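Each chain, written out:
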Amino acid sequence: MRLIRLAGRARQTLERIAHSAANARMVRRAQALLWLHAGERVGVVAQRLGMSRRGIYQIVAHYQARAGEPVAVRIADRPHPGRPATKRESVVQIVARLLKTKPSRYGYRALAWSTPMLRHQVEQRLQMSVSDRTVRRALRQLRYRYKRPRYVLARRSPTWRQAKGGSKTA
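The paragraphs below set out a description of the structure included in this document. (Residues numbered from 1 in each chain as written. Predicted model: local features only at pLDDT ≥ 70, side-chain atom pairs only at ≥ 80, totals over all residues. Heavy atoms only, no water.)

## Points about the overall build of the chain
- A count of helical and extended segments in the chain gives nine helices and zero strands.
- For the chain, the N- to C-terminal ordering of α and β elements is α-α-α-α-α-α-α-α-α.
- By the compact-globule yardstick of 15 Å for 170 residues, the chain is too spread out, its C-alpha radius of gyration being 28 Å.
- For the chain, the spread of C-alpha atoms along the principal axes amounts to about 80 × 55 × 25 Å.
- The buried share of the chain, reckoned over its 170 residues, is 28%.
- Within the chain, contacts between residues at least 6 apart in sequence are counted, and of these 46% link residues at least 24 apart.
- Taken as a whole, the chain presents about 13,000 Å² of accessible surface, with 49% of it coming from carbon and sulfur.
- A distance of 11 Å separates the average location of the 39 positive side-chain charges in the chain from that of its 7 negative side-chain charges. (Helix = DSSP H or I, 4+ residues; strand = E, 2+ residues; numbered from the N terminus. Rg over C-alpha atoms; globule rule 2.2 N^0.38 Å. Buried < 20%, exposed > 50% of the residue type's maximum accessible area, 1.4 Å probe, protein only. Contact = heavy atoms within 4.5 Å. Areas by Shrake-Rupley, 256 points an atom, 1.4 Å probe, with all protein chains shown as cover. Lys, Arg positive; Asp, Glu negative; His and termini not counted. Charge placed at Lys NZ, Arg CZ, Asp CG, Glu CD.)

Here it is in structure tokens:
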């Protein structure tokens, strides 16, 4: 006995999603529905996908509950509301403006901006603390490249005299 019956067009859409979707969850849901339509038992499908039987039943229930929607929407994730990145958006705007000017204009004795300098200027403008990581994310969002600081000092090679043309013994 089949747990679910799929219409021809829905089956074709699910096969296309199972073979070419970038979202792994959608692929797994499509595969589960296709295997159940083919007559596989729920336990076998659950084991194949590394899920519980309850998870398979939930996939079927969600698919059937959204009967009026297109197939791709029926197996897609719903939007996950989260905390909005309001601080980062304001940091991105400030950093974009700062990068158009030179650091010497703000009293720094440097030719290029560094993350701590940008962070300090952003904190002054926003009147709140901002981490270096937030500034780096803003730089990445603006598609700027920056050099990460080295925390370990470079050590001389034991054979550095040879490389400079000196003798082996010193």
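## Remarks on helix 3 (residues 42–49)
- Residues Val 42, Val 45, Ala 46 and Leu 49 constitute the buried set of helix 3. Along helix 3, the residues classed as buried sweep out an arc of 100 degrees about the axis, all on the same side.
- Taken together, the buried residues of helix 3 touch helix 2 (24–37) and helix 4 (53–65).
- Once helix 3 finishes, Gly 50 follows within two positions and takes phi at roughly 70 degrees, a positive value. (Arc of directions from axis to C-beta.)

## Description of a positive patch on the surface
- On the surface, Arg 88, Arg 133, Arg 137 and Arg 140 cluster together to form a positively charged patch.
- Sorting elements by how many residues they give to the positive patch places helix 8 (residues 132–141) first, with three residues.
- Following the sequence through the fold, Arg 88 ends up in helix 6 (residues 86–99). (Patch = residues over 30% accessible without salt bridge, like charges linked within 9 Å, V, L, I, M, F, W, Y side chains within 5 Å. Salt bridge = Lys/Arg side-chain N within 4 Å of Asp/Glu carboxyl O.)

## Regarding the environment of Gln 127
- Among the structural elements, Gln 127 can be located in the loop between helix 7 (115–126) and helix 8.
- Residues Gln 127 and Leu 99, spaced 28 residues apart in sequence, show a C-alpha to C-alpha distance of 19 Å.
- Polar side-chain contacts of Gln 127 include one of 2.7 Å to the backbone oxygen of Gln 124. (Polar contact = N/O pair within 3.5 Å; in protein donor to acceptor, adjacent residues only side chain to side chain.)

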